[in-house]
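Structure assessment
One-letter residues, chain by chain:
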Amino acid sequence: MNVLVTGGMGYIGSHTCLALLEAGFTPVIYDNLSNSSVKVLEQLKAISNYDFNFIEGDIADTAMLESVFRDYNIPAVFHFASLKAVGESTEQPLRYYDNNVSGTLNLLTAMDNCGVKQIVFSSSATVYGDPQYLPIDEQHPISATNPYGWTKVMIEQILNDWCLANKNNLAISLRYFNPAGAHQSGLLGESPNGIPNNLIPYIAQTAVGKRDCVNVFGNDYNTEDGTGVRDYIHILDLAAGHVAAFSTHKEDNGSFVYNLGTGKGYSVLEIINAFSSSAKVKINYQFAPRRTGDIASNYADSSLAEKKLGWQAQLNIKSMTDDTWRWQSKYPNGLE
Ligand code: NAD
Ligand code: UFG
C-alpha cells in the first residue's frame, strides 16, 4: 500500500519512512526541502537498501499533490510538513499560519478532490500550553503560547471538522512530546539549520566542538534541580508510534488523538550529564535567564496509546544520547 509522506525528508518523517517500509507500506516522499537535504535519500537507501520515491513539491501546490495522489494511487497521508521553530513563529506569524495552516487546507482539498480519506498528523504537546496538571493526558485543555502552537491547535480542529463533514474520513493527530535521538546506524539524525533551538542538538554540537557552552535557560524552576523537565522520546519509538496508530485505525473513521511520550521527565542537567557519558567528553554549560514562554515541567500520560494502539516507548535516555552522539560525531555538519 502506497502512502504519501509530506515532510518525509525531515527529521521525524525520514525515520518514520523507514518504519513504514519495514511494516510493509510503500512511502512516497513529498517535501519542498525547505528544512532538509536531498542527501537524506542516499542515507535512507544505505540503511534500507530501498530507493524511496521522492517528489520535490510544496503542500501549497494543490495541483501537484493531486497528480501525485493519482499517479501513485495513494489512499493515506502521513503529514509531517511544517515549519517548527517556536521563536521564529513569533517573529513571522503569517509565514507560519500560511505554511502550516493554509498548507494543510490545500493538502486536505487535494485529498478530497482525489478521494484520499486518511491522514496521520504531526501534532505536538505544545497544544497543552502551560500544563494545569501532570502527567498530561489527552483530556487536558488545549491552548497555545505562540503562533507555531496555534497552528497545531487549528489544524487539529480542522481535522475534527473534516471528519465530521464526511463520515468516511479518518484523522489521527499524534501529540509528540520531545523527540530525540537518531537512527542506530548513525546514518540519519537531526541536523538543524543555524544555531539549534532545541536542547539535545545544542548539546550535541557543543560536545562535537561546534559550540562553546550550553546555556541552561533557568535554574530556579520548581523542579528537583531547578532546571526545566521534559519528556524526551526516542525518534525510533516515535516512528513506531505512527505505524501502530495507522495500523490500528486504518479500517476506522473519525478523528483520534494520542500522546506519544515516555511518561518520564528529565531535567536539562540530567540530559547534559547523560550526553557527557555517551560522548565521553565534558560538556561546558552555564546558567542563563529563563527562555520566554518556557514551562517548568512537562511529561506525558501515554496510557491511551498503550491501551488502544498497543504501543509503548521502549528506548531510554541513554539510547537517545548514545544514538545522537553516534550521528553527530559521524556527521558534525549534518549531511551538507
Ligand atoms: P523537520 O523540519 O526536520 O521536517 C519537516 C519537513 O517538512 C522538512 O523536510 C521541510 O523541508 C518540509 N516542509 C516544510 N514546509 C513544507 C511545505 N510547505 N511543503 C513541503 N514540505 C515542507 O521537522 P521535524 O522535527 O521532522 O518535524 C516534523 C513534524 O513534527 C512537524 O509537523 C513538527 O511541527 C512536528 N513536531 C516536531 C517536534 C520536534 O521537536 N521536532 C515536536 C512536536 C511536533
Ligand atoms: N533548553 C536549554 N538550553 C537550550 C535549549 C533548551 O536550557 O539551549 C531547555 C529549555 O529551557 C527546556 C528544555 O531545555 O527546559 C527543552 O527545550 P527544547 O527547546 O529542546 O524543547 P521544548 O520543550 O521547549 O519544545 C519542544 C519543541 C516544540 C514542541 C515541544 C513539545 O521545540 O516544538 O517540544 O513537543 F512543541
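Attention here is on the structure that accompanies the text. (Residues numbered from 1 in each chain as written. Chains lettered and ligands numbered in written order. Predicted model: local features only at pLDDT ≥ 70, side-chain atom pairs only at ≥ 80, totals over all residues. Heavy atoms only, no water.)

Moving on: the site of ligand 2. Near ligand 2 lie 19 residues; those nearest to it are Ser 124, Asn 198, Asn 215, Arg 230 and Asp 294. With respect to ligand 2, the side chain of Ser 124 contributes an N or O atom lying 3.3 Å from an oxygen atom. Arg 291 has a polar side-chain atom sitting 2.8 Å from an oxygen atom of ligand 2. Protein contacts shield 89% of the accessible area of ligand 2, which totals 690 Å² for the unbound molecule. A per-element tally of the shell around ligand 2 places strand β8 (residues 214-217) first, with three residues. Looking at the shell around ligand 2 residue by residue, the classes come out as nine nonpolar, seven polar and three charged. (Near = heavy atom within 4 Å. Polar contact = N/O pair within 3.5 Å; in protein donor to acceptor, adjacent residues only side chain to side chain. Areas by Shrake-Rupley, 256 points an atom, 1.4 Å probe, with all protein chains shown as cover. Helix = DSSP H or I, 4+ residues; strand = E, 2+ residues; numbered from the N terminus. Nonpolar A, V, L, I, M, F, W, Y, C, P; charged D, E, K, R; others polar.)

All right, on to the site of ligand 1 then. By nearness alone, 26 residues border ligand 1, and Ile 12, Asp 31, Asn 35, Ser 36 and Tyr 148 come closest of all. Here Ile 59 contributes a backbone N or O atom positioned 3.0 Å from a nitrogen atom of ligand 1. Contact with the protein chains covers 95% of the free accessible surface of ligand 1, which is 820 Å². Looking at the shell around ligand 1 residue by residue, the class counts come to ten nonpolar, twelve polar and four charged.

Under the criterion given, the structure shown has seven aromatic pairs. Against the face of Tyr 266 rests Lys 264, its NZ or CZ located 4.8 Å from the ring centre. Residue placement shows Arg 290 over the ring face of Tyr 221; its charged tip is 4.0 Å from the ring centre. (Phe/Tyr/Trp six-rings, centres within 6.5 Å; stacked < 30°, edge-to-face > 60°. Lys NZ or Arg CZ within 6 Å of the ring centre and 35° of its normal.)

This paragraph deals with the side chain of Thr 62. Structurally, the position occupied by Thr 62 is in helix α3 (residues 62-71). The contact partners of Thr 62, leaving out residues within four places of it in the chain, are Asn 106, Thr 109 and Ala 110. (Contact = heavy atoms within 4.5 Å.)

Remember that the coordinates give geometry; whether it matters functionally is a separate question.
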